[in-house]
Amino acid sequence: MLIPFRHKILYGLALIHLVMVMLFASHFAEWGPMHNPVSRSFSTVGYYTGSNNIFSFFAPGLSDQPYVIYTIRYADGHEEVFDFTGNSPEFTNRINNIYGYLTIEEGRQVFSASLAQAVMRQHEDAQKIRVAMVIQVIPSMTEYQEGQRSRWRFWFHQDFQKDSLVTVNQQPLGK
Amino acid sequence: MISRLRSYFFDAVPVETLGVFRIGIAGFAIIQLAFLSPDWLLFFGPEGLIPWDVSEVLSTTHTPSLKDVTSLFFISPYTSVYLVTILYVFSLAGLLIGFWSRTMGILAWLTHITLNTTGHFSAYGVETFTHISLFYCAVLPVGASLSLDHRRGKYNHVSSYLITLSVRMLQLHLCIVYFSTGLEKAMGEQWWNGEAIWMALQQDQFRQIDTGWLARVPWLPQLLGLGTLLFEIAYPFAIHWSRTKKIWLCGIAGMHVFIATFMGLYLFGGLMILLNIAAFGEHVFPGIFSQNRLMTSLRARLRVPTPLPDTYRD
């Protein structure tokens, strides 16, 4: 079978693409610094083509589940606990992804402030928002049989004041 | 070995696989958009859960964002959200019916990248696979079957071996995905002793029904954990072997049904089942896309010729 040169190039590109998928799936980006032009080009092409993904879904295992609750204080002094649930089951899956970033200490301040701002927009007469993260600690099967049950452990909280959205109180890890 | 490889990459495969893939992905993305639409501005709006000022600064992807669209066209942030969303819906609709499939595929892929760059902090696995799929819709001849383009004769010149190459890319990409995710799971203890299944079912985030009774039968979650490892790691080999391919396709689909049902990841589970059926349905159940009544009816309407078996069509 005679294959035109143009089509041979297509086979070559397909091969390169699949090799990139394999490399990135093997955590290629973590093998070393991605500062040289070749690595950077690979990375950019990877972002556009979707070949830069790692597929660590629920791997190597599952960790304790973070969750965030919001306490809203109004001008008249009364407080309300708010659970950001959105309007579809998909909202929960997506906001939980954001909550995952709160477990990274460097990003905690900015992500907490962003979420507080979003809650503040939905409760315009709120004066203060407390963003509190809790972690669901799940017992192992053996521990469950011994009577232990899933429990929520407080991790941290940050308070935000209306109009400033700067942290007015911050409590570090409560492990 | 070489002749088998040659046969794998060059022998003709039914072109309907690409048509089913295109229709499935476009249909899925439209459903996903409908699911997300009540909270659309929270995910992608300039003052959403993560404001643009934050997502822009923290983005490392070098891909276009909604803020870039705002700057490029001198329009307001909200206008750019609506504009890109409308273009996304329009391109998906075009892709669904196979009208200007290549152009619509490129547009859907670019608009999805733009939305996803802005909303990437809330994106999870389902967006990863939507992005990958839309990229394939942009570069592969997905309009070659079950499309208005085919009816208009736009894909008559596509060589059969390029159809084969396209189908093999979808299949091999899935093989890499399952093999690598299986290996990564195998590196942890939780999947070997069943604790991963137990923990997943106990998480409030995913908890759909009471599954505390599983602790009394630990062999069951362990069996499910080991089964997951087996089905994922062996996927590239078992899905291609004639004796196991049916079991593997049904097993993987069953695994995703389990994930969707018990963990509430309906869209993710649905997309993965769709990708598996689109990529391997015809391979595992020959004729499923080309001979059943629905396809016969569609073919009659779109005037798709019957595929030639085991011969090159050009």
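Relevant structure appears above.
Counting from 1, residues in each chain are numbered in the order their sequence is written. Numbering of ligands from 1 and lettering of chains from A proceed in the order in which they are written. Confidence filtering applies because this is a predicted model: local features only for residues at pLDDT of at least 70, side-chain atom pairs given and counted only at 80 or more, and all residues used for totals across whole chains, interfaces and linings. Derived side-chain values reflect all non-hydrogen atoms in the structure, with water molecules and hydrogen atoms excluded from consideration.

Caption draft 1: Representation of the overall build of chain B within the structure. When its secondary structure is counted, chain B shows 17 helices and zero strands. C-alpha atoms define the radius of gyration, and 2.2 Å times the number of residues to the power 0.38 defines the globule rule. Taken over C-alpha atoms, the radius of gyration comes to 21 Å for chain B, in line with the 20 Å a tight globule of 314 residues would show. When its C-alpha atoms are laid out on the principal axes, chain B stretches across 60 × 55 × 35 Å. Categorising residues by exposure relies on relative accessible area from a 1.4 Å probe, with only protein chains included: less than 20% of the type maximum marks a residue as buried, more than 50% marks it as exposed, and the intermediate range marks it as partly exposed. Within chain B, buried positions represent 58% of all 314 residues. Sequence-distant contacts, at least 24 apart, represent 72% of the contacts inside chain B between residues at least 6 apart. With residues, only the protein chains shown are counted as cover, and all accessible areas are computed by Shrake-Rupley using a 1.4 Å probe. Per element, the accessible surface of chain B, about 13,400 Å² overall, is 69% carbon and sulfur. The sign given to each residue is positive for Lys and Arg and negative for Asp and Glu; His and the chain ends receive no count. Lys charges are placed at NZ, Arg charges at CZ, Asp charges at CG and Glu charges at CD. Taking the average location of the 20 positive side-chain charges in chain B and that of its 18 negative ones, the two points are 16 Å from each other. Here a helix means four or more residues in a row that DSSP labels H or I, a strand means two or more in a row labelled E, and each is numbered from the N terminus. Whether two residues touch is decided by their heavy atoms; if any such pair falls within 4.5 Å, the residues are in contact.

Caption draft 2: View of helix α12 (residues 195-202) of chain B. Counting buried positions along α12(B) gives eight out of eight residues, so the element sits mostly inside the fold. Buried residues of α12(B): B:E195, B:A196, B:I197, B:W198, B:M199, B:A200, B:L201 and B:Q202, and no others.

Caption draft 3: How the structure looks around the interface of chain B and chain A. In this complex, chain B contributes 80 residues to the contact, which on the side of chain A involves 60 residues. The term buried area refers to how much accessible surface (probe radius 1.4 Å) is lost by two components on association, counted for both of them together. With both sides pooled, the region where chain B packs onto chain A buries about 6,300 Å², and carbon together with sulfur makes up 65% of that total. Put simply, B:E47 and A:R121 hold a salt bridge, and the shortest N to O gap is 3.8 Å. Polar contacts here mean pairs of N or O atoms no more than 3.5 Å apart (in protein, one a potential hydrogen donor and the other a potential acceptor; neighbouring residues in sequence count only if both atoms are side-chain atoms). Our count for the contact surface shared by chain B and chain A stands at 27 residue pairs in polar contact (both at pLDDT 80 or more). Put simply, Ala, Val, Leu, Ile, Met, Phe, Trp, Tyr, Cys and Pro go in the nonpolar bin, Asp, Glu, Lys and Arg in the charged bin, and everything else, Gly too, in the polar bin. Counted by class, the side of chain B that touches chain A contains 47 nonpolar, 24 polar and nine charged residues. When a carboxyl oxygen of Asp or Glu lies within 4 Å of a side-chain nitrogen of Lys or Arg, that pair is called a salt bridge.

Caption draft 4: Spotlight on a nonpolar patch on the surface. Residue and element names in this part refer to chain A. Patches were defined on residues exceeding 30% relative accessible area and lacking a salt bridge, with like-charge contacts within 9 Å and nonpolar side-chain contacts (Val, Leu, Ile, Met, Phe, Trp, Tyr) within 5 Å. Together, F5, I9, L10, L13 and I16 make up a nonpolar patch on the protein surface, roughly 490 Å² of accessible area in all. Here F5 shows up in helix α1 (residues 5-25). For F5, a relative accessible area of 63% gives the class exposed.

Caption draft 5: Geometry of the pairing of strand β2 (residues 79-82) of chain A. Residues and elements named next belong to chain A. Relative to β2, strand β1 (residues 65-74) runs antiparallel, the two sharing four bridges. If you follow T71 over to β2, its bridge partner there is V81. Here a strand pair is declared whenever DSSP counts at least two bridges between the two strands. Here β1 folds back onto β2 in antiparallel fashion, the turn holding four residues, of which G77 has a positive phi close to 95 degrees.

Caption draft 6: Focus on helix α5 (residues 66-73) of chain B. All names here are of chain B. Every buried residue of α5 is accounted for by L66, V69 and T70. All buried residues of α5 project into a common sector of 100 degrees when viewed along the axis, lining one side. For α5, the secondary structure elements touched by its buried residues are α3 (40-44), α4 (52-58), α6 (77-97) and α7 (101-118). In this context, the arc is that of the directions from the helix axis out to the C-beta atoms.

Caption draft 7: Examining the packing of helix α10 (residues 160-186) of chain B against helix α13 (residues 219-233) of chain B more closely. Residue and element names in this part refer to chain B. Running from N to C, α10 and α13 point in directions that differ by 145 degrees, and their axes come no closer than 7 Å. Classified by chirality, the crossing of α13 by α10 is left-handed. Residues Y178, F179, T181, G182, L183, K185 and A186 of α10 touch α13, and the partners they reach there are T228, L229, E232 and I233. Grouping the constituent residues of the contact of α10 with α13 by class yields six nonpolar, three polar and two charged. Helix axes are fitted only over the stretch in contact, all axes being lines through C-alpha atoms; the angle between N-to-C directions runs from 0 to 180 degrees. Each crossing is labelled by how the near helix is turned from the far one, with a counterclockwise turn of less than a right angle marking it left-handed and a clockwise turn marking it right-handed.

Caption draft 8: Just the nonpolar core, in detail. Counting residues in each nonpolar core, the largest one holds 132 residues, and the members touching the most others are A:Y70, A:F84, A:Y99 and B:L49. For this core, the element with the most residues is α10(B), which contributes twelve residues. When neighbours within four sequence positions are excluded, A:Y70 is seen to be in contact with A:E80, A:V81, A:F82, A:F84, A:I95, A:Y99, A:L115, A:V119, A:I129, A:R130 and A:V131. Among buried residues, the Ala, Val, Leu, Ile, Met, Phe, Trp, Tyr and Cys ones that are joined through side-chain atoms within 4.5 Å form a nonpolar core.

Caption draft 9: The pattern of salt bridges, seen in detail. Scanning the model with the defined rule gives seven salt bridges over all chains in all. The partner of A:R94 in a salt bridge is B:E127, and the shortest N-O contact between them spans 2.1 Å. With A:R94 in helix α3 (residues 89-102) and B:E127 in helix α8 (residues 125-139), the pair connects residues from two separate chains. A single burial state applies to A:R94 and to B:E127, both of which are buried. For B:E232, the salt bridge identified is with B:K185, shortest N-O distance 3.0 Å. Of this pair, B:E232 sits in helix α13 while B:K185 sits in helix α10, placing them 47 residues apart in sequence. Since its relative accessible area comes to 4%, B:E232 is described here as buried. Here B:K185 falls in the buried class, since its relative accessible area comes to 4%.

Caption draft 10: Spotlight on empty space enclosed by the protein. Residue and element names in this part refer to chain B. Method remark: on a 1 Å grid restricted to protein atoms, a set of points is classed as a cavity if a 1.4 Å probe fits but cannot get out and as a pocket if it is open with protein on both sides within 12 Å along at least five of seven lines; lining residues have an atom within 4 Å of a point. Grid points are joined across faces, edges and corners, and a volume is the space filled by probe spheres set on the points. The final tally for this structure, using the stated rule, is four cavities of 30 Å³ or more. Taken as a whole, the largest cavity holds about 110 Å³ of empty space. Lining the largest cavity are F21, F129, I132, S133, Y136, L170, H173, L174, V177, L275 and A279. Going through the elements one at a time, α8, α10 and α16 (266-284) are the ones with two or more residues in the lining of the largest cavity. Looking at the lining of the largest cavity, its residues break down into nine nonpolar, two polar and no charged.

Function cannot be read off these values alone, since they describe shape.
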